[in-house]
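What the coordinates show
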Amino acid sequence: MVHWEQPRHVRDENIGNGLDMSWTRSGCLKYSKPPGSAVEDSLQRALLRAQVIVDEATKRHIINQVMLQHLGILRDTMYRGYYMLDTFRYKHHREKDAKDKL
């Protein structure tokens, strides 16, 4: 049996397309203001998708410099997203504690 593997440039392009689709589906392009818990859940799902993409791309040993640059940007953005998520959760808990004290 012959195992067919996609050419590297096709796989790299598919990763990039997956990034575009995940950001579109995550709601980053919507302008309505959803409730806080929905924002937190949406951000957490988007960060999980980004983490999977970064992990999978790291396993593939990509040598295309442009794709590596995009991967670095995604990784940096993902870390900023985790920081935002932590800040959001901390603020939420702090507000909840302030209400409990009253």
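Residues numbered from 1 in each chain as written. Predicted model: local features only at pLDDT ≥ 70, side-chain atom pairs only at ≥ 80, totals over all residues. Heavy atoms only, no water.

The name given to the chain in an unreviewed UniProt entry is Rx N-terminal domain-containing protein, and the organism recorded there is Eragrostis curvula.

1. Focus: the overall build of the chain
Helix and strand content of the chain: three helices and zero strands. Listing the helices and strands of the chain from first to last along the sequence gives α-α-α. The buried share among the 102 residues of the chain stands at 22%. The long-range fraction of contacts in the chain, counting pairs at least 24 apart against all pairs at least 6 apart in sequence, stands at 76%. (Helix = DSSP H or I, 4+ residues; strand = E, 2+ residues; numbered from the N terminus. Buried < 20%, exposed > 50% of the residue type's maximum accessible area, 1.4 Å probe, protein only. Contact = heavy atoms within 4.5 Å.)

2. Quick notes on unusual backbone geometry
The residue His61 is not glycine, and still its phi comes out positive at about 55°. Along the polypeptide, His61 turns up in the loop between helix 2 (36-59) and helix 3 (65-101).

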